[in-house]
Amino acid sequence: MLSNKFSIIIEFWDFLKVRKKWWLTPIFLFLVLLGALILFTEGSALAPFIYALF
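Residues numbered from 1 in each chain as written. Predicted model: local features only at pLDDT ≥ 70, side-chain atom pairs only at ≥ 80, totals over all residues. Heavy atoms only, no water.

A. Main features of the overall build of the chain. Each helix and strand counted, the chain has four helices and zero strands in total. Here the chain holds 54 residues, and 7% of them are scored as buried. (Helix = DSSP H or I, 4+ residues; strand = E, 2+ residues; numbered from the N terminus. Buried < 20%, exposed > 50% of the residue type's maximum accessible area, 1.4 Å probe, protein only.)

B. Spatial organisation of the packing of aromatic side chains. Within the structure shown, the criterion is met by two aromatic pairs. Aromatic side chains Trp 13 and Trp 22 sit 5.5 Å apart centroid to centroid with 65° between the ring planes, which places their arrangement in the edge-to-face category. (Phe/Tyr/Trp six-rings, centres within 6.5 Å; stacked < 30°, edge-to-face > 60°.)

C. Local environment of the packing of helix α2 (residues 7–19) against helix α3 (residues 24–40). Across the interface, α2 lies against α3 with an axial gap of 11 Å and an inter-helix angle of 155°. Taken together, the axis directions place α2 and α3 in an arrangement best described as roughly antiparallel. The residues of α3 that touch α2, namely those facing Phe 12, Phe 15 and Leu 16, are Leu 24, Thr 25 and Phe 28. (Axes fitted to C-alpha atoms, helices over the stretch in contact; angles between N-to-C directions. Parallel < 35°, antiparallel > 145°, perpendicular 65-115°, else oblique. Contact = heavy atoms within 4.5 Å.)

D. Molecular detail of the pattern of salt bridges. On inspection of all chains with the given rule, the structure shows one salt bridge. Here Asp 14 and Lys 17 are joined by a salt bridge, their closest N and O atoms 3.8 Å apart. With Asp 14 and Lys 17 both in helix α2 and three residues apart, the pair spans about one turn of that helix. A relative accessible area of 35% means that Asp 14 is categorised as partly exposed. Judged by its relative accessible area of 39%, Lys 17 falls in the partly exposed class. (Salt bridge = Lys/Arg side-chain N within 4 Å of Asp/Glu carboxyl O.)

E. Inspection of unusual backbone geometry at higher detail. Despite not being glycine, Lys 20 has its phi angle at roughly 60°, a positive value. Relative to the assigned elements, Lys 20 resides in the loop between α2 and α3.

F. Structural view of a nonpolar patch on the surface. A surface patch of nonpolar side chains, about 400 Å² in accessible area, is lined by Phe 6, Ile 8, Ile 9 and Ile 10. Note on placement: Ile 8 falls in helix α2. (Patch = residues over 30% accessible without salt bridge, like charges linked within 9 Å, V, L, I, M, F, W, Y side chains within 5 Å. Areas by Shrake-Rupley, 256 points an atom, 1.4 Å probe, with all protein chains shown as cover.)

G. Expanded view of α2. For α2, built from 13 residues, the straight-helix expectation of 18 Å at 1.5 Å per residue is met to within 8% by its first-to-last C-alpha distance of 18 Å. Two residues or fewer past α2, Lys 20 is found with a positive phi of approximately 60°. (Expected span 1.5 Å × (residues − 1).)

Laid out in structure tokens, this is it:
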């Protein structure tokens, strides 16, 4: 069950290794961090300030 949850990450890592597409790593990390920021500040008092940046 645990491997099913992380299969997309493992598949993406294998893709990066085989195809040598290392320039995709910072883009992917930025998108993940941006999504986490929006998710965690959604219900907090910081939400209006975060959304004002975009």
